[in-house]
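Spelled out, the chains give:
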Amino acid sequence: MSSPRPKIFYGWWVVLSVFVFMTFSSGLGFYNLSVILAALIHERGFSVSLASGATATFFIVSGFAGLGVAKLIDRFDPRWTIIGGAVLASLSIAALGQIREVWEVYAVHAVFGVGFATCNMVPGATLVARWFERRRALTLSIASTGLSVGGILLTPVSAKLIDGLGLSGATPWIAGMYLLGCVPVALLIRASPLQIGLGPDGDAM
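Draft legend 1. Local environment of the overall build of the protein. Across its full length, the protein holds 7 helices and 0 strands. Starting at the N terminus and walking to the C terminus, you meet the elements of the protein as α-α-α-α-α-α-α. Taken over the C-alpha atoms alone, the protein extends approximately 70 × 30 × 25 Å along its principal axes. Within the protein, the proportion of its 205 residues that are buried is 47%. In the protein, the proportion of contacts linking residues at least 24 apart, taken out of those at least 6 apart, comes to 83%. A gap of 9 Å separates the mean positions of the 13 positive and 9 negative side-chain charges of the protein.

Written out as structure tokens, the structure is:
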């Protein structure tokens with residue numbers, strides 16, 4: 001006899017995982033850049049143009065890195081790509097509190113952009129699309145809501161930490177939050193429904 005199908009299709013756990021890691025990566029990465037930029041200007045004395053240029057570097061690098069991320073999650077277990085990127089992004093956030101030189105500002109933002117690209121929209125949308133076809137629009141909208149939730153809930157927390165502890169004191173805590181928000185849920189992810197013997201939406205093969 002064939003084993004009974006689970007009551008909850010595993011694809012929903014993938015959607016939940018994507019929602020969570022996108023919440024943390026956007027709230028402490030994407031939206032948090034303006035908070036970090038302000039701290040670099042006021043605490044480190046960098047000019048507005050310099051700090052803004054570093055933010056632009058982040059976006060440019062993350063955009064190009066997304067092309068490589070797409071290939072990595074297509075060829076290898078996506079969990080390790082996401083986890084590796086989360087570690088890289090967390091280390092970059094921690095390093096932001098220690099930078100003093102101009103070249104460090106750009107270098108850290110560039111590395112941060114690579115890490116961010118591995119745990120945001122490209123892997124998230126790709127994974128959800130693999131698990132769902134008929135409900136793809138619904139599940140993508142649920143997962144991508146994490147982008148806004150992160151900005152609403154986590155960016156203000158980061159701003160309060162920086163206001164209270166300063167950039168050097170706050171960034172280790174922010175880095176730890178990023179890591180804890182992305183790594184555990186990434187371990188729940190499976191590459192596709194084929195791994196559990198089902199088709200998209202939980203249909204039989």
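Draft legend 2. Fine view of the packing of helix H2 (residues 33–44) against helix H7 (residues 136–186). Their axes nearest at 10 Å, the elements H2 and H7 cross at an angle of 20°. Classed by the angle they form, the pair H2 and H7 counts as roughly parallel. At the point where H2 passes H7, the crossing takes the right-handed sense. Listed contacts from H7 to Val35, Ala39, Leu40, Glu43 and Arg44 of H2 are Thr155, Ala159, Ile162, Gly166, Leu167 and Ser168. Here the residues of the contact of H2 with H7 sort into 6 nonpolar, 3 polar and 2 charged.

Draft legend 3. Up close: H2. Here H2 contains 12 residues, and its C-alpha end-to-end distance of 15 Å stays within 8% of the 16 Å for a straight helix at 1.5 Å per residue. Turning to H2, its buried residues are Leu33, Val35, Ile36, Leu37, Ala39, Leu40, Ile41 and Arg44. Taken together, the buried residues of H2 touch helix H1 (11–30), helix H3 (48–75), helix H4 (78–96), helix H5 (102–117) and H7. Directly beyond the C-terminal end of H2, a positive phi value near 80° is found at Gly45.

Thresholds, definitions, all that
Residues numbered from 1 in each chain as written. Predicted model: local features only at pLDDT ≥ 70, side-chain atom pairs only at ≥ 80, totals over all residues. Heavy atoms only, no water. Helix = DSSP H or I, 4+ residues; strand = E, 2+ residues; numbered from the N terminus. Buried < 20%, exposed > 50% of the residue type's maximum accessible area, 1.4 Å probe, protein only. Contact = heavy atoms within 4.5 Å. Lys, Arg positive; Asp, Glu negative; His and termini not counted. Charge placed at Lys NZ, Arg CZ, Asp CG, Glu CD. Axes fitted to C-alpha atoms, helices over the stretch in contact; angles between N-to-C directions. Parallel < 35°, antiparallel > 145°, perpendicular 65-115°, else oblique. Left-handed = near helix turned anticlockwise from the far one by under 90°. Nonpolar A, V, L, I, M, F, W, Y, C, P; charged D, E, K, R; others polar. Expected span 1.5 Å × (residues − 1).

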